[in-house]
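Listed below, chain by chain, are the residues.
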Amino acid sequence: MAGAGGPVFDDVRRLELAGAFQEGGEHYDKVRPGYPGESLAWLAAGLDVRDALDVGAGTGKYTHLLAARGWRVSAVDPSGDMLVQLRRNLPGVAVRQGTAEDTGLGAASIDLAVAAQAWHWCDPLAASTEMARVLRPGGVLGLVWNQLDVSVPWVHRLSRIMHAGDVHKPGFRPHVGPEFHGLSVHGTRWEQAVTPEELLELAKSRSYYLKADAAIRAKVLGNLRWYLFEHLGHTPGQELALPYFCQTWRAHTQQRLRDVPSTPGPWPR
């Protein structure tokens, strides 16, 4: 289970859907959004960071934020194809093929470990054990999800047509192991400029679409074209503001560097 109120998979289904991202790194990098800088600013508040880890880094969407801070950054992902894009985008980042359950990094070598859009693909207990092993005393684990802001009615329907399964229900709380404490959350609302055509491509990067057969894929795209062009009346190439809600969760290893107050951000209405 990915967490109360979030997507629920058994181990077989979780691995099956996660496997959809072993290929297609170039397309993923092109169509998936980045992350708001506010997410990392809140996550790293009060920390003395020298070494940071992006686990499940994919093509480096969140890694960009970490690297911009001037820290020594390591990126780990099981997909070699995704990491090809990350190396092209961020040649200064140390890249390693691995998983959240087995990073291959040294013990007590990281101050901040982040899993962005990735924790629901992990075994949370095994991944927590590994994150606690690689984090230094007082280190922080960050779990981040970019979600379509379904508090906006047209986006709520869009997410259902796209089968955006990582949109969390109210009460969602990620599952972390007993190695961590003080789990708290911050929310950031932001917008991405997209065209209807780019929304169609975004749907093609979702695990539901990637693992579907040809008939289901055609149905998803047909429904999206009807919704965007006929129902909502958008025109090809029109720029739209796509609302997102980014959840950033923070948990500490058992020895904290300092007390950091919890300052939750806005939640979906």
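Residues numbered from 1 in each chain as written. Predicted model: local features only at pLDDT ≥ 70, side-chain atom pairs only at ≥ 80, totals over all residues. Heavy atoms only, no water.

Trainee: Explain the overall build of the protein chain to me, and be specific about the residues and the numbers.
Mentor: Per the secondary structure count, the protein chain includes ten helices and nine strands. The 269 residues of the protein chain split such that 54% are buried. Relative to all contacts within the protein chain whose residues are 6 or more apart in sequence, the contacts with residues 24 or more apart total 77%. Roughly 11900 Å² of accessible area belongs to the protein chain as shown, and the carbon and sulfur atoms make up 52% of that amount. (Helix = DSSP H or I, 4+ residues; strand = E, 2+ residues; numbered from the N terminus. Buried < 20%, exposed > 50% of the residue type's maximum accessible area, 1.4 Å probe, protein only. Contact = heavy atoms within 4.5 Å. Areas by Shrake-Rupley, 256 points an atom, 1.4 Å probe, with all protein chains shown as cover.)

Trainee: Got a sec to walk through helix H6 (residues 124-134)? Specific residues and values, please.
Mentor: Of the positions making up H6, those classed as buried are Pro-124, Ala-127, Ser-128, Glu-130, Met-131 and Val-134. Buried residues of H6, seen end-on, are gathered within an arc of 165° and therefore sit on one face of the element. Here the buried face of H6 lies against strand E2 (51-55), strand E5 (110-116), strand E6 (135-148) and strand E8 (180-194). For H6, the side-chain oxygen to backbone nitrogen distance between the N-cap and Leu-125 is 3.2 Å, and the N-cap itself is Asp-123. (Arc of directions from axis to C-beta. Polar contact = N/O pair within 3.5 Å; in protein donor to acceptor, adjacent residues only side chain to side chain.)

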